[in-house]
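Coordinate analysis (summary)
Residue strings, one per chain:
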Amino acid sequence: MLSTASLRGITLYEPTELVMSARAGTTVSQVEVELASRGQMLPFEPLDYGPALGVAAGQQTIGAVFATNNSGARRITVGSARDHLIGVRGVNGRAEIFKSGGRVMKNVTGYDVARGLAGSWGTLAVLTEVTFKVTPLPDDMVTLVYSGLPEDLAVELMSLAIGTPYEVSGTAHFTAGHAARLKSVEALGMNGQQTSLTVLRIENFMKSVRYRRDRLIDALSAYGRPMVLDLEASLAFWGEHRRMGATPVSDSILWRVSTSPSKAPELVSVLRRHMPVEATYDWSGGLIWIEIPACADAGAADIRRAVAMLGGHSTLIRASEAVRRQVEVFQPQAPAIEKISRGLKQAFDPLGLLNPGRMYQTM
């Protein structure tokens, strides 16, 4: 086991330049506390998988966030973690220390290795330090909550909202089973009610938020009148969403599926022909958290068949160790993509020391 847990600490923070560097083992919570003290934030709001996997919240590290390209609800408007990474230091499988990028945005000549490593899940190199862009915190935030919409209409609503000029920064739809688990729905006075929830977030300057809220409600009036969460309630709601509040740790199976928003309801509908499904649609339906009862193969055959038919990518997030040993966690790669992956692996880690079998099965 190779651990970066002792590589902790913020090594550079330039609030006026909106840039921070931190060692890979620094917790995201430490990074965000420091940023909040200067009225700033990580714009891509990385998810905290801990509560969904039986680990205490707040344990994920900044190195792991970029190694997995972990991105939350704002990805639809500001981009992913990868898009905010401007430099890394690391060690490859040849035991070579390297540096890519730097501490300013215009720093790339040749290959942008830093962004190439983001999302490689530690298969190419061990990150020891990351440098990334940050943004100011919004002055105000409101959340519009529509209840009872079926999944196809919810995706239609979220897609329309994103297409308006009112700068919606987060959209999500929770099926009734997932919505019932959200503690923050207490602010809506909906305790005990089994109904789906569709949420839209607007954030900006206070005066701008009020204007955008009213215009967006008018533009989407055909879908009903929403309930409105103020700043405090919105922070609680989206904070719980970041901590995977709809899918807390249990014996159930949890999949992460990315697909086209227009195909998302159909994909879930196809799966319901074979098994009970609860789902949370993020990114206007571009990302689906699919929860199914525990079973021997984690439903992999049916889920991957549906993904192959409708397009997308599936990753097994939660299952027992026995199931995870039998089921490929990541989506099997197409031959051409796997050839490229193997070529990169050979260049960075020719001995196969780093996370062998992570992206594709080793021989």
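Residues numbered from 1 in each chain as written. Predicted model: local features only at pLDDT ≥ 70, side-chain atom pairs only at ≥ 80, totals over all residues. Heavy atoms only, no water.

A few words now on the overall build of the chain. When helices and strands are tallied, the chain shows 13 helices and 15 strands. For the chain, the C-alpha radius of gyration of 21 Å lies close to 21 Å, the compact-globule estimate for 363 residues. In terms of principal-axis extent, the alpha carbons of the chain reach across some 60 × 50 × 35 Å. Once local pairs closer than 6 in sequence are excluded, the contacts in the chain between residues at least 24 apart make up 73%. Total accessible area on the chain is roughly 16,900 Å²; 54% of this is exposed by carbon and sulfur atoms. (Helix = DSSP H or I, 4+ residues; strand = E, 2+ residues; numbered from the N terminus. Rg over C-alpha atoms; globule rule 2.2 N^0.38 Å. Contact = heavy atoms within 4.5 Å. Areas by Shrake-Rupley, 256 points an atom, 1.4 Å probe, with all protein chains shown as cover.)

So, about the sheet that holds strand E1 (residues 10-14). Two orientations exist for strands paired in a sheet by backbone hydrogen bonds: parallel and antiparallel. If you walk across this open sheet you meet the 5 strands as E1-E2-E6-E4-E5, and the pairing is antiparallel. One side of each edge strand has no neighbouring strand; the edge strands of this open sheet are E1 and strand E5 (97-101). Each strand of the sheet is rotated relative to its neighbour by a mean of 15°, with strand direction disregarded. Pairing of strand E4 (residues 85-92) with E5 involves 5 bridges; the strand directions are antiparallel. The residue bridging Arg 89 from the neighbouring strand is Lys 99, located in E5. Across the sheet, helix H1 (residues 28-36) is in contact with E1, strand E2 (19-23) and strand E6 (125-133); its angle to E1 comes to roughly 25°. (Pairing = 2+ DSSP bridges. Axes fitted to C-alpha atoms, helices over the stretch in contact; angles between N-to-C directions.)

Attention now moves to unusual backbone geometry. Positive phi outside glycine occurs at Trp 283, with the angle close to 50°. In this fold, Trp 283 is placed in the loop between strand E13 (278-282) and strand E14 (287-292). Backbone geometry places Ser 284, a non-glycine residue, at a positive phi of 60°. Looking at where Ser 284 falls in the secondary structure, it is placed in the loop between E13 and E14.

Turning our attention to the pattern of salt bridges. Inspection of the entire model under this criterion finds 16 salt bridges. Across the salt bridge formed by Arg 74 and Glu 45, the nearest N and O atoms sit 3.7 Å from each other. With Arg 74 in the loop between helix H3 (62-67) and helix H4 (75-78) and Glu 45 in the loop between strand E3 (40-41) and helix H2 (50-53), the pair connects residues that are 29 residues apart, well separated along the chain. Considered together, Arg 74 and Glu 45 belong to a single accessibility category, that of buried residues. With its nearest N and O atoms 2.7 Å apart, the salt bridge here joins Glu 291 to Arg 181. Highlighted residues: Glu 291 in strand E14 and Arg 181 in the loop between helix H7 (176-179) and strand E10 (197-204), separated in sequence by 110 residues. For Arg 181, a relative accessible area of 34% puts it in the partly exposed group. (Salt bridge = Lys/Arg side-chain N within 4 Å of Asp/Glu carboxyl O. Buried < 20%, exposed > 50% of the residue type's maximum accessible area, 1.4 Å probe, protein only.)

This part is about the packing of aromatic side chains. Tallied over the full model, the rule gives 6 aromatic pairs. An angle of 65° between the planes, with centres 5.6 Å apart, marks the rings of Phe 44 and Phe 66 as edge-to-face. Here Phe 66 lies in helix H3 and Phe 44 lies in the loop between E3 and H2, a separation of 22 residues in the sequence. Judged by its relative accessible area of 0%, Phe 44 falls in the buried class. By relative accessible area, Phe 66 is classed as buried at 0%. The interplanar angle of 65° and the centroid separation of 5.9 Å between the aromatic rings of Tyr 49 and Trp 289 together place this pair among those described as edge-to-face. In this pair, Tyr 49 sits in the loop between E3 and H2 while Trp 289 sits in strand E14, placing the two residues 240 residues apart along the sequence. An aromatic cluster is defined as three or more aromatic residues linked by ring pairs; in this entry it consists of Phe 44, Phe 66 and Phe 132. (Phe/Tyr/Trp six-rings, centres within 6.5 Å; stacked < 30°, edge-to-face > 60°.)

Moving on: a nonpolar patch on the surface. A surface patch of nonpolar side chains, amounting to about 280 Å² of accessible area, comprises Ile 337, Ile 340 and Leu 344. In this fold, Leu 344 is placed in helix H13 (residues 335-348). Residue classification places Leu 344 among the partly exposed residues on the basis of a relative accessible area of 41%. (Patch = residues over 30% accessible without salt bridge, like charges linked within 9 Å, V, L, I, M, F, W, Y side chains within 5 Å.)

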